[in-house]
Amino acid sequence: MTVTERVLEVKHFLQKTPIFQNILDEQLQAVANIAIPQTYKKGENLFWEGEAATGFFIVKSGRIKVFKVANTGKEQILHIFGTDEYFAEVPAFDGGNFPASAAAMENAEVIFIPRTAFFMVLQQHPTLGIAMLGTFARHLRQLTHLVDTLSFQEVPERLVNYLLKLSQRYGNADIVELDLPKGQLAALLGTVPETLSRAFYKLSQEGKIEITGTKIKLLIL
């Protein structure tokens, strides 16, 4: 693939992503010119907490988890990003270090937008920054929701909300299949596998769910 073909492919992809919707074609072209496609294998880290933030990422395929690890070794997944979603834009903009780590949960492709080159694009196209403010605000809302969830909800309630969101992705189906191993799901819900297992058992005993392997029937819909 030639450089021109690669840039055109990246441009077509960026055009579909929420962060770059409704921007002018010349602005999109300027971003595509500096974008760097990258691939990661399952389990490979994109960056570690504390490293200098040299840019931000947009997921082209696969899933990326952003997480923190406590001194005890316990992992807390802050968010899982899928196709068309972006992350690490705040440290890339403020010039600080990455406040968390990121790793591929499966083989993944991302588009890396380098900070220095992107700032040069913003100087040439200042309205691009204004168009992106709304998408940044949505990430702040997601973080606020995470804090509320971990602070005020018990694990069974967090699990119910997760299953309901999973159901919505399946078109409000009453049977869903877990899309994460239980260890990863526990880390996402801010708990440990043993507590998560007890939450599944509690919901099952209360008649709210039926469990068959990795498939969950929701009886609360």
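This is a predicted model, so every value here is computed, not measured. (Residues numbered from 1 in each chain as written. Predicted model: local features only at pLDDT ≥ 70, side-chain atom pairs only at ≥ 80, totals over all residues. Heavy atoms only, no water.)

So what's going on with the nonpolar core? Which residues, and what values?
Among the nonpolar cores identified, the biggest contains 43 residues, and Leu14, Phe20, Phe56, Phe57, Ile58, Phe87 and Phe118 are the most heavily contacted of them. Excluding anything up to four places from it in sequence, Ile58 contacts Phe13, Leu14, Thr17, Ile19, Phe20, Asp84, Glu85, Tyr86, Glu109, Val110, Ile111 and Ile113. (Core = buried A, V, L, I, M, F, W, Y, C linked by side-chain atoms within 4.5 Å. Buried < 20%, exposed > 50% of the residue type's maximum accessible area, 1.4 Å probe, protein only. Contact = heavy atoms within 4.5 Å.)

I'd like a rundown of the sheet that holds strand β1 (residues 36-40), residues and numbers included.
Pairing in this open sheet of four strands is antiparallel, and the strands run β1-β8-β3-β6 from one edge to the other. The open sheet terminates on both sides in strands that have one partner only, identified here as β1 and β6 (86-87). On the sheet, helix α1 (residues 3-16) packs against β1, β3 (55-61) and β8 (108-114) and is oriented at approximately 85 degrees with respect to β3. (Pairing = 2+ DSSP bridges. Helix = DSSP H or I, 4+ residues; strand = E, 2+ residues; numbered from the N terminus. Axes fitted to C-alpha atoms, helices over the stretch in contact; angles between N-to-C directions.)

An account of the pattern of salt bridges is requested, with residue identities and associated values reported.
A side chain of one charge can pair with a side chain of the opposite charge if their charged atoms are brought near each other. Taken as a whole and assessed by the stated rule, the structure comprises nine salt bridges. One network of salt bridges, with partners in common, ties together Arg63, Glu106, Arg169 and Asp179. (Salt bridge = Lys/Arg side-chain N within 4 Å of Asp/Glu carboxyl O.)

For unusual backbone geometry, give the residues involved together with the corresponding values.
Its identity as a non-glycine residue notwithstanding, Ala88 has a phi of 70 degrees, on the positive side. Along the chain, Ala88 turns up in the loop between β6 and α3 (89-94). In this structure, Asn172 takes a positive phi of about 60 degrees despite not being glycine. In this fold, Asn172 is placed in the loop between α6 (155-169) and β9 (175-177). The exposure class of Asn172 is exposed, given its relative accessible area of 58%.

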